[in-house]
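Letter by letter, the chains look like this.
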Amino acid sequence: MRKNLGNKTLICPLPVFIIATYDENGVPNAMNAAWGTQWNYHEVSILLAPHKTTDNLKLKKAFTLAFATKETLQISDYFGLESGRRVNKIEKAGVHIEKSQFVDAPVISEYPLVLECEVVEMRPVEEDFQVIGRVVNVTADESILNDKGEIDIGKMNLLTFDSAANVYRLVGAPVGHAFQDGLTIKNK
Ligand SMILES: Cc1cc2nc3c(=O)[nH]c(=O)nc-3n(C[C@H](O)[C@H](O)[C@H](O)COP(=O)(O)O)c2cc1C
């Protein structure tokens, strides 16, 4: 028996992105963002309320987007709990920063997979912004690369956000092949 539950905000899984930016004094900041996705080839889209991060994005037109892992869970959640307007979250979390070689934004060393992005557009959506970013480089720790030098998501403990239960979940093992497993039905 199915039940109607009305309009709920529970698309699952959501990503656990960490957006890192510099402010006008070169101070790095990071925030947690779940309302984002691949938007176009080489582009990402994230819906952001006004934050220290959006101030920095307007100024620098650049950010990095890290993928949270089980190992970075606590710091990733912390980045969503406090504003860089009040506290230096990077110092408080004790993470390490390298400047991106490609955009004017910090790379947080503790995250194995990071996209380096330029801001294409910050489109106002009521009080918020739809931030469109162009990915100009992907930087990955060697530990998550396979023998061919390609990213292997299975080598990292990637987190997702389950907004129905307000929990982080781990991405599980592969269970099928895309563009392939449906062919048995298509070719009947
Ligand atoms: C799991 C999680 C997901 C979040 N997703 C978003 C989001 O998609 N958009 C947003 O504007 N804020 C989101 N937040 C809230 C911001 O991360 C939070 O307000 C943060 O303090 C902003 O930091 P800043 O002021 O230093 O930029 C999320 C927080 C958490 C814990």
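Let me sum up the structure you'll find in this document. (Residues numbered from 1 in each chain as written. Predicted model: local features only at pLDDT ≥ 70, side-chain atom pairs only at ≥ 80, totals over all residues.)

Here we look at the sheet that holds strand β4 (residues 36-40)
Strand pairing in a sheet relies on backbone hydrogen bonds, with the paired strands running either antiparallel or parallel.
Line of reasoning, step 1. One open sheet accounts for 7 strands, arranged β3-β2-β6-β9-β10-β5-β4; its pairing is antiparallel. Looking along the sheet, the strands with just one partner apiece sit at the ends: β3 (28-33) and β4. The sheet shows a mean angle of 35° between the axes of neighbouring strands, taken without regard to direction.
Line of reasoning, step 2. In the sheet, strand β2 (residues 17-22) pairs with β3 via 6 bridges, with the strands oriented antiparallel. Across the sheet, the residue bridging to Ala20 is Ala30, located in β3. (Pairing = 2+ DSSP bridges. Helix = DSSP H or I, 4+ residues; strand = E, 2+ residues; numbered from the N terminus. Axes fitted to C-alpha atoms, helices over the stretch in contact; angles between N-to-C directions.)

Quick word on the environment of Gly133
Line of reasoning, step 1. Following the sequence through the fold, Gly133 ends up in strand β10 (residues 128-140).
Line of reasoning, step 2. Judged by the 28 C-beta atoms lying within 10 Å of it, Gly133 falls in the buried class.
Line of reasoning, step 3. Among residues more than four places away in sequence, those in contact with Gly133 are Glu43, Val44, Phe63, Cys117, Glu118, Val119 and Val120. (Buried ≥ 20, exposed ≤ 12 C-beta atoms within 10 Å, placed from the backbone. Contact = placed C-beta atoms within 7 Å.)

Focus on unusual backbone geometry
Negative phi values dominate among residues other than glycine, just as trans dominates among peptide bonds.
Line of reasoning, step 1. Across the junction of Cys12 and Pro13, the peptide omega takes the value 0°, indicating a cis bond.
Line of reasoning, step 2. Mapped onto the elements, Pro13 comes out in the segment before β1 (14-15).
Line of reasoning, step 3. Even without being a glycine, Lys61 presents a positive backbone phi close to 55°.
Line of reasoning, step 4. Look at Glu126: it is not a glycine, yet its phi comes out positive at around 50°.

Digging into the nonpolar core
Line of reasoning, step 1. Counting 37 residues, the largest nonpolar core has Ile18, Ile19, Phe63, Leu65 and Ala66 as its most contacted members.
Line of reasoning, step 2. Contributing elements (two or more residues each) for this core: β2, β3, β5 (43-48), β6 (62-67), β8 (106-108), β9 (113-125), β10 and β11 (159-162).
Line of reasoning, step 3. Ignoring any residue separated from it by four or fewer positions in sequence, one finds Ile18 in contact with Ala30, Asn32, Ala66, Ala68, Ser76, Phe79, Ile108 and Tyr111. (Core = buried A, V, L, I, M, F, W, Y, C linked by C-beta atoms within 7 Å.)

A look at the sheet that holds β11
Line of reasoning, step 1. The strand order across the open sheet built from 3 strands is β1-β11-β12, with neighbouring strands paired in antiparallel fashion. One side of each edge strand has no neighbouring strand; the edge strands of this open sheet are β1 and β12 (167-170).
Line of reasoning, step 2. Pairing analysis gives 2 bridges linking β1 to β11, with the strands arranged antiparallel. The partner of Pro15 across the bridge, within β11, is Thr160.

Let's talk about the site of the ligand
Line of reasoning, step 1. Taken together, 19 residues are adjacent to the ligand, and His51, Thr53, Gly80, Ser83 and Gly84 come closest.
Line of reasoning, step 2. It is β3 that provides the largest number of residues to the shell around the ligand, a total of 4 residues.
Line of reasoning, step 3. In the shell around the ligand, the residues fall into 8 nonpolar, 7 polar and 4 charged. (Near = placed C-beta within 6 Å. Nonpolar A, V, L, I, M, F, W, Y, C, P; charged D, E, K, R; others polar.)

Here we look at the pairing of β4
Line of reasoning, step 1. Judged from the 4 bridges that link them, β4 and β5 form a sheet pairing that is antiparallel. For Thr37, the partnering residue across the bridge sits in β5 and is Ser45.
Line of reasoning, step 2. Counting the residues between successive antiparallel strands, the hairpin from β4 to β5 contains 2 residues, one of them, His42, with a positive phi of roughly 65°.

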